[in-house]
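# Chain and residue survey
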Amino acid sequence: MSSTVQKSKNAITLKGSAKLVTDYLNYGINSILFQRGIYPSESFKSEEHFGLSILVSTDEKINEFLSAVLGQIKEWLVQGKLEKLSLIITNVTNKEVMERWDFKLKYEATKETSEENGEPIGTKELKVIQNEIRDVLRQICSTVSFLPLLDCPCAFDLLIYTKPDIEVPDQWGETGPCFIANSEELQLRSFSTSLHRMDTVVSYKVE
Amino acid sequence: MDDPLTKGPVPRWQKRALDKNTSASNSSLVNSSINNSKIKTKTPSKADSRKTPSKTPSKTPKSSPGKNLKTPNGGDRFIPSRSATDMDLGYFKLNQRDSDEENGEYKSPSKIQMEKAMTENLIGKDPSGMRILEFQKKAPAAPEGFQNSLKVVYSQSKTPSAKSNSRYIPQAPDRILDAPDIVDDYYLNLVDWNKNNMMAVALRNSVYLWNAGSGSISQLTELEGSDYVCSLSWMDEGDILAIGTSLGNIQIWDAASMKKQRTMDGHAARIGSLSWNSYILSSGCRSGLLVHHDVRQREHNISSVEAHSQEICGLKWSPDGKYLASGGNDNALNIWPSDGDLSTPIHTFRAHQAAVKALAWCPWHAGHLASGGGTADRHIRIWNCNTGAATYSVDTRSQVCGIVWSTTFKELISGHGYAQNQLIIWKYPTMTKVAELSGHSARVLHLALSPDGTTVLSAGADETLRLWKCFVPAAKTKKDAPESKPSDNLFTMKGIR
């Protein structure tokens, strides 16, 4: 977290903002995987982040996958190419989409620029941003109370919606959107780093 | 192409317009396209003539509609003023739309808006400027056999409620079926009820299927000679029935097509217990041998263990497929793990003083097992197989032949032998009696629960099968109560043969 603290007061660089957003995504996704019971609860360990204890997967392959995807996302965040990230939860047996978590990104214009290199910087206080992120993460945990039980073996996948003018890196491929038949949607809180604004929406199948 | 129009009869509206001499057209574009010479030649009428309709009513506000008809612009009650409407333009516009639709290009603006809104809602943004990417190395799937442990947190409807102590439990069976010739042997398992509401009952050497929904009965098979059926078990999904025989063979039957799929050997003595864990069928033999069969493979025997020193009479896989419980005539209760070493039990419970036949896994607490002992023991004991702890026990004062957990209430029901031959409903975890259901004139041999969780089937040594509607959810009980009372005396007697 310390890397996001900037030299001048109340300033946050584009890179710092991207780091915050990817951190949020990482812990948000880990939380969802745990809360929704996609993987056995034994394979998670508790860590302290944003003033919350968050359960993070200890499975090497999951972590490898997440760090690869989130690393790429961070790059696209700095370049302003990312539009949306979707976490899809599908039924393993019949490939039906059970749940979709949308992390929608908006780029916020800022007037401030860094004195050194002229890059845009945000003016929001880090404390405030972290509090906002904490509130969303809390809300993700509390969704357990109303989301339907995933009573089948499930798998998850991440879909990344980007601007059309990007180069598709190695090991990446294009795919189609995932829809849920007969779904209900719920918007969670959003947070903003004053450079990026993130809305979290969960859509789930109605029984 | 234009000729027929001019030669043809003049349309009614044109005639009228001509008669009244007020028709006007100032759109040359329209005229050229329609090419109606009659209209073209007409001189435009005075502009003020259009004002007349508004003038007339103002002069005579209460004049009858009949008078209005005489106004020079000749409106009718549907279109008060024809002169004000530009018929040619309208006609042109109509034609133009038609031709566009023929080309398949025409979409009304509202429709385009609607489509856009739909895609925006579905995809989140205008799809035109987006690419959807995925990382091709996928995250691993959850480990095999993993079950969402959050079931406990979520399923309010499925997790039995602790309250409603005062619910109505019918004291008489809902239905009685005849089961002639059912083998009176404590060590066998002769009834099973599957998810598709099909009940299988073994009556000595034949197996009958009773469709609990429609009430239809069919004979699945009949064994030859002195061979008789010792155990039955439905696969969790689908209509696959495993039958264990006294000669030590296992037959796999497809109940939907009424055809035998295969026969598997591997036992030297009768097979008194069977249990499925997806495609693995575990069978317990009189010799104490426990064999796991993979029914898909030609070499079906994947593991055999000397599990007990005497006959295995109880065998149950837990609903999550994690543990197998086996109870034997050697008074032992063994818990086997599904992963790892199949040859050594993780727990061996020796608390029972008699054969352990009645076994049931708690549907809402993973790893919790209820077991009941025979005549010398008479106890129901609850075990936590995750830790190996004995959690509760109760003396039932009678041989325990079968246990079934309710899926609607936090209760379990047990079937008993001498002296009362009754069924007892127990509250869990207090293990207090909720109700006793008596009716069988000989010991209750086997118990099974209906797929909807409302009805318990008990097979007695008195050659009857009784269906008890003892787990009807509270809201329904209120409705059912007055209906079921009068029917208590009118048992629907129905022979299974």
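Position labels on residues start from 1 in each chain and follow its written sequence. Think of it this way: whatever chain is written first is A, whatever ligand is written first is 1, and the rest follow in order. Owing to the predicted nature of the model, reporting of local features is limited to residues with pLDDT of at least 70; listing and counting of side-chain atom pairs is limited to 80 or more, with chain, interface and lining totals taken over all residues. Side-chain calculation: all heavy atoms of the structure are included, whereas hydrogens and water are not.

### Topic: the overall build of chain A
- Each helix is a run of H or I in the DSSP string that is no shorter than four residues. Each strand is a run of E no shorter than two, and both are numbered from the N terminus. Tallying secondary structure elements over chain A gives 3 helices and 10 strands in all.
- In sequence order, the secondary structure elements of chain A are arranged as β-α-β-β-α-β-β-β-α-β-β-β-β.
- Partly exposed describes any residue whose relative accessible area lies between the buried limit of under 20% and the exposed limit of over 50%, with all areas from a 1.4 Å probe on protein chains only and scaled to the type maximum. The burial tally for chain A puts 53% of its 207 residues in the buried class.
- The Shrake-Rupley method, run with a 1.4 Å probe sphere, supplies the accessible areas, and residue values consider only the shown protein chains as cover. Here chain A displays about 9500 Å² of accessible surface, and carbon together with sulfur accounts for 47% of that area.

### Some words on unusual backbone geometry
- Cis geometry marks the peptide bond from B:Tyr418 to B:Ala419, where omega comes out at 10°.
- One non-glycine residue, A:Gln171, adopts positive backbone phi at about 70°.
- Topologically, A:Gln171 is positioned in the loop between β7 (154-162) and β8 (172-174).
- A residue is classified by how much of its surface remains accessible, and A:Gln171, at 41% relative accessible area, is partly exposed.

### Examining the sheet that holds strand β1 (residues 131-135) of chain B
- Strand pairing is assigned whenever DSSP identifies at least 2 bridges connecting the two strands. One open sheet accounts for 7 strands, arranged β8(A)-β1(B)-β7(A)-β4(A)-β5(A)-β10(A)-β9(A); its pairing is antiparallel. Edge strands, defined here as strands with exactly one partner in the open sheet, are β8 and β9 (183-192) of chain A. Each strand axis lies, on average, 25° off the axis of its neighbour in the sheet, ignoring direction.
- In terms of strand pairing, β7(A) meets β1(B) through 4 bridges, oriented antiparallel. When the sheet's bridge partners are listed, A:Tyr161 is paired in β1(B) with B:Ile132.
- Between two residues, a contact is recorded if the distance between any of their heavy atoms is within 4.5 Å. Under this scheme, a helix contributes an axis fitted over its contacting stretch, all axes are lines through C-alpha atoms, and angles between N-to-C directions fall in the 0 to 180 degree range. Of the strands in this sheet, β4 (82-91), β5 (97-107), β7, β9 and β10 (196-205) of chain A touch helix α1 (residues 14-35) of chain A, which is tilted by about 20° from β10(A).
- With respect to the sheet, helix α3 (residues 126-142) of chain A is in contact with β5, β9 and β10 of chain A, its orientation differing from that of β9(A) by roughly 160°.

### Section: the sheet that holds strand β7 (residues 229-234) of chain B
All names here are of chain B.
- In spatial order, the strands read β7-β8-β9-β10; together these 4 strands make up an open sheet with antiparallel pairing. Either end of the sheet is taken by a strand with one partner, and the two such strands are β7 and β10 (259-264). Across this sheet, the average inter-strand angle for adjacent strands is 20°, counted without regard to direction.
- As paired strands, strand β8 (residues 240-245) and strand β9 (residues 250-254) are joined by 5 bridges and run antiparallel to one another. Bridging across to β9, Gly 244 finds its partner in Ile 250.

### Notes on the UniProt feature "repeat: WD" (unreviewed entry) in chain B
- Taking the numbering used here, the UniProt-annotated feature "repeat: WD" (unreviewed entry) corresponds to residues 305-336 and 437-469 of chain B.
- End-to-end, the C-alpha atoms of residues 305-336 of chain B are 11 Å apart, and along that stretch the chain is 0% helix and 56% strand. UniProt positions are given in the numbering used here, feature names are shortened, and annotations may be inferred rather than shown by experiment.

### Details of the environment of B:Ile243
All names here are of chain B.
- Locating Ile 243 in the fold gives a position in strand β8.
- Ile 243 sits 36 residues away from Val 207 along the chain, and the two C-alpha atoms are 8.7 Å apart.
- In contact with Ile 243, other than residues within four places in its own chain, are Val 207, Leu 220, Thr 221, Val 229, Ser 231, Leu 232, Asn 249, Ile 250, Gln 251, Trp 253 and Leu 274.

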